[in-house]
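Coordinate inspection notes
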Amino acid sequence: MDSILITNYKPDYTNNIMTISVQINTLAISSQVSITMDEFNTAIVEGVDNVKLKVLNTLIDSLTALRPTSETK
């Protein structure tokens, strides 16, 4: 996971979410994901690699949700 760089994180205590900015060097993309503060706190206790994994899984879930359910030809 060395090619995943967390470039910023911003807590929103009012809405109980953490917005994390991430850069994935191997894919040449930058993105932001939001996770709950509880998810962030659990991941950070387990180490930075777990935060990266949580961010990556959240990003994958978000991208998967964007995929059309049927193909057009």
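Provided above is the structure to which this section pertains.
Here is what the cut-offs are and how they apply
Residues numbered from 1 in each chain as written. Predicted model: local features only at pLDDT ≥ 70, side-chain atom pairs only at ≥ 80, totals over all residues. Heavy atoms only, no water. Axes fitted to C-alpha atoms, helices over the stretch in contact; angles between N-to-C directions. Helix = DSSP H or I, 4+ residues; strand = E, 2+ residues; numbered from the N terminus. Parallel < 35°, antiparallel > 145°, perpendicular 65-115°, else oblique. Contact = heavy atoms within 4.5 Å. Nonpolar A, V, L, I, M, F, W, Y, C, P; charged D, E, K, R; others polar. Pairing = 2+ DSSP bridges. Buried < 20%, exposed > 50% of the residue type's maximum accessible area, 1.4 Å probe, protein only.

**Here's the deal with the packing of helix α1 (residues 37–46) against helix α2 (residues 48–66)**
- At their nearest, the axes of α1 and α2 sit 5 Å apart, and the two run at 140° to each other. When the axes of α1 and α2 are compared, the pair comes out oblique. Together, Glu39, Phe40, Ala43, Ile44 and Glu46 of α1 and Asn50, Val51 and Lys54 of α2 make up the contact between the two elements.
- Residues that form the contact of α1 with α2 fall into these classes: 4 nonpolar, 1 polar and 3 charged.

**Some points on the pairing of strand β3 (residues 29–36)**
- As paired strands, strand β2 (residues 17–24) and β3 are joined by 8 bridges and run antiparallel to one another. Bridge assignment links glutamine 23 to a residue of β3, and that residue is serine 30.
- In sequence, β2 turns back onto β3 through a hairpin of 4 residues, with alanine 28 there showing a positive phi of about 55°.

**Structural notes on unusual backbone geometry**
- Despite not being glycine, asparagine 16 has its phi angle at roughly 60°, a positive value.
- Within the secondary structure, asparagine 16 sits in the loop between β1 (4–12) and β2.
- A relative accessible area of 36% places asparagine 16 in the partly exposed class.
- Even without a glycine there, the phi angle at alanine 28 is positive, about 55°.
- Relative to the helices and strands, alanine 28 is located in the loop between β2 and β3.
- A residue is classified by how much of its surface remains accessible, and alanine 28, at 70% relative accessible area, is exposed.

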